[in-house]
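# Coordinates in review
Residue strings, one per chain:
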Amino acid sequence: DWRDHEKSSIMLADLDAAIEAEMARSNVPGVAACIIKGGQTVWCNGYGHADISAEKLVTPTTPFMLASVSKTITGVALMHLVETGALGLDDPINDHLEFVVTHPSDDTSMTPRMLLSHTSGINDNWNAMGSVIVDGDSPVALGEFLEGYLTPGGTWYNESQNFVSAGVAQQSVYSNIGAALAGFLVEAVSGVPFDQYCEDHIFAPLEMGSTAWHLAGLDESEVAVPYE
């Protein structure tokens, strides 16, 4: 009844105030937020700027670059293959890859479970990673980069910096490269490009029509500018 509606309106006003206060406290330029209940979007709002210099405001449909939050999607895609039986969490990854990934001082087989839990022994070498960062979509294919990073003689291979010295499954070390390899494993097992696999099995079923792995799949004029 109207009293429930009035109470809800007050609560959402409090939510607006809380979000705006946290943005001010943390110096966040823009936020889009939604509440989903019972499979339905029941509330959305945009706060702040998607582009400060252009004075472009955030709307509830503004696409943001998710950075490491995208690892959620990588995990879902890989686990989808596990659910279908195409991949086992404890399979040696080399059973599925066209190139061999081996720790230089530990021949223990790396597995999808290790990639997802950051225990594979693969390390982030930011000297190599920084050399391929571009403004926009990378011209280097995912598999090409990973093969060049993880196999001896590769363009970006460094035995001491690309791997954790303790070896495989000895410690948890946050690894963007390990997560990228998990994504490429999806591609290797399914025979479908990773971005297309996500579109077919995650984005389309969830009606995520403004989600893509590449800027080429979005209207760049609508994408929120990343700030640091």
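This text goes with the structure placed above it.
Reference entry: report on the structure contained in this document. The model shown is predicted, which means the values in this text are computed figures rather than measured ones.

The rules behind the values
One numbering rule holds for all chains: residues counted from 1, following each sequence as written. Since the coordinates come from a predicted model, pLDDT governs what is reported: local features require at least 70, and pairs of side-chain atoms require 80 or more to be given and counted, while whole-chain, interface and lining totals use all residues. Note that the side-chain values use all heavy atoms of the structure and ignore hydrogens as well as water. A helix here means a DSSP run of H or I that spans at least four residues, while a strand means a run of E at least two residues long, and both kinds are numbered starting from the N terminus. When accessible area is computed with a 1.4 Å probe and restricted to protein chains, residues below 20% of their type maximum are described as buried, those above 50% as exposed, and intermediate ones as partly exposed. The contact criterion used throughout is that any non-hydrogen atoms of two residues lie within 4.5 Å. By salt bridge we mean one thing: a side-chain nitrogen of Lys or Arg within 4 Å of a carboxyl oxygen of Asp or Glu. Take the number of residues in a helix, subtract one, and multiply by 1.5 Å to get its expected span. By convention a nonpolar core is built from buried Ala, Val, Leu, Ile, Met, Phe, Trp, Tyr and Cys residues, the set being connected through side-chain atoms within 4.5 Å. Any residue with an atom within 4 Å of a point lines the site, the site being either a cavity, points on a 1 Å grid over the protein atoms alone where a 1.4 Å probe fits but cannot get out, or a pocket, an open set with protein on both sides within 12 Å along at least 5 of 7 lines. Grid points are joined across faces, edges and corners, and a volume is the space filled by probe spheres set on the points. Note on residue categories: nonpolar means Ala, Val, Leu, Ile, Met, Phe, Trp, Tyr, Cys or Pro, charged means Asp, Glu, Lys or Arg, and polar means any other residue, Gly included. Counting of polar contacts relies on pairs of N or O atoms within 3.5 Å, with two restrictions inside protein: one atom must be capable of donating a hydrogen and the other of accepting it, and residues adjacent in sequence are counted only when both atoms are side-chain atoms.

In terms of regular secondary structure, the protein chain is built from seven helices and three strands. When the backbone C-alpha atoms are referred to their principal axes, the protein chain occupies close to 65 × 40 × 30 Å. For the protein chain, the proportion of its 228 residues judged to be buried stands at 31%. Counting contacts in the protein chain only where the partners sit at least 6 residues apart, residues at least 24 apart contribute 61% of the total.

Using the criterion set out here, one finds three salt bridges in the structure. Residue Lys56 pairs with Glu222 through a salt bridge whose shortest N-O separation is 3.8 Å. Residue Lys56 is found in strand 3 (residues 56–57), and its partner Glu222 is found in the segment after helix 7 (194–203); the two are separated by 166 residues along the sequence. The exposure class of Lys56 is partly exposed, given its relative accessible area of 30%. Look at Glu222 and you get partly exposed, because its relative accessible area is 36%. A salt bridge links Arg113 to Asp90, with the nearest nitrogen and oxygen atoms 2.8 Å apart. Remark: Asp90 occurs in the loop between helix 2 (71–84) and helix 3 (112–116) and Arg113 occurs in helix 3; sequence separation between them is 23 residues. For Arg113, a relative accessible area of 42% gives the class partly exposed.

Turning next to helix 2. For helix 2, spanning 14 residues, the distance from its first C-alpha to its last is 20 Å, which sits close to the expected 20 Å at 1.5 Å a residue. All of the buried residues in helix 2 are Ile73, Thr74, Gly75, Ala77, Leu78 and Leu81. Immediately beyond the C-terminal end of helix 2, within one or two residues, lies Gly85, with a positive phi of roughly 85°.

Before going further, it helps to examine the nonpolar core. Formed by 34 residues in total, the largest nonpolar core has its most connected members in Leu150 and Leu181. For this core, the secondary structure elements donating two or more residues are helix 2, helix 3, helix 4 (126–130), helix 5 (142–150), helix 6 (176–190) and helix 7. Of the residues forming this core, the biggest block, six residues, is contributed by helix 6. The next biggest cluster of nonpolar side chains, apart from the first, holds five residues, and it includes Ile19, Met23, Trp43 and Tyr47.

What the second largest pocket holds in volume is close to 240 Å³. Looking at the second largest pocket, it is lined by 13 residues, and the ones nearest its centre are Pro29, Gly30, Phe64, Val225 and Tyr227. Tallied by class, the residues present in the lining of the second largest pocket amount to nine nonpolar, three polar and one charged.

Right, let's get into the environment of Asn125. Turning to its location among the elements, Asn125 is positioned in the loop between helix 3 and helix 4. Expressed as a C-alpha distance, the spacing of Asn125 and Trp43, which sit 82 residues apart in the sequence, is 42 Å. Those residues in contact with Asn125 that sit more than four places away from it in its chain are Tyr149, Asn158, Gln161 and Asn162. Of note is the side chain of Asn125, whose polar atom sits 2.9 Å from the side chain of Asn162.

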